[in-house]
Amino acid sequence: MSDIKEQIFQELAKLDDAAAGLRAMAVNAGKQTDLEVAILTEQVKKLRDKNAHAADLVDQAINVLKKLA
């Protein structure tokens, strides 16, 4: 009987370890996702700034061409 109890406790300990490992992986995945979102947000901001600057340059070029025509 005590062997069965010991085996049950060993299995429960394994399950507890597995659950702790899964919790840790979930936390790390959440942190990784947050980091990726922050990086992508910064990249989008830079691309929008570059796009706005490019649009300004195109407008300037159009104005110069209109003056030459």
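Thresholds applied
Residues numbered from 1 in each chain as written. Predicted model: local features only at pLDDT ≥ 70, side-chain atom pairs only at ≥ 80, totals over all residues. Heavy atoms only, no water. Helix = DSSP H or I, 4+ residues; strand = E, 2+ residues; numbered from the N terminus. Rg over C-alpha atoms; globule rule 2.2 N^0.38 Å. Buried < 20%, exposed > 50% of the residue type's maximum accessible area, 1.4 Å probe, protein only. Areas by Shrake-Rupley, 256 points an atom, 1.4 Å probe, with all protein chains shown as cover. Lys, Arg positive; Asp, Glu negative; His and termini not counted. Charge placed at Lys NZ, Arg CZ, Asp CG, Glu CD. Salt bridge = Lys/Arg side-chain N within 4 Å of Asp/Glu carboxyl O.

Participant: Before we go on, may I ask you to explain the overall build of the protein chain in this structure?
Facilitator: Scanning the protein chain from N- to C-terminus turns up one helix and zero strands. The C-alpha radius of gyration computed for the protein chain amounts to 30 Å, which surpasses the reference 11 Å derived for 69 residues by more than 25%, pointing to a less compact arrangement than a globule. The buried share of the protein chain, taken over its 69 residues, is 0%. Summing over all exposed atoms, the protein chain offers an accessible surface of approximately 6,400 Å²; the carbon and sulfur share of this is 63%. Computed over 10 positive and 11 negative side-chain charges, the inter-centroid distance for the protein chain is 12 Å.

Participant: Before we go on, may I ask you to explain the pattern of salt bridges in this structure?
Facilitator: Two side chains of opposite charge can pair, provided their charged atoms sit close to one another. Throughout the structure, instances matching the rule amount to two salt bridges. Measuring nitrogen to oxygen at the nearest pair gives 3.8 Å for the salt bridge that ties glutamate 11 to lysine 14. A residue pair is termed a helical-turn pair when its members lie 3 or 4 positions apart in one helix, as glutamate 11 and lysine 14 do in helix H1 (residues 2-68) at three residues. For lysine 14, a relative accessible area of 55% corresponds to the exposed category. Of the charged contacts in the structure, one is a salt bridge between lysine 45 and aspartate 49, with a shortest N-O distance of 3.4 Å. With lysine 45 and aspartate 49 both in helix H1 and four residues apart, the pair spans about one turn of that helix. The class for aspartate 49 is partly exposed, based on a relative accessible area of 44%.

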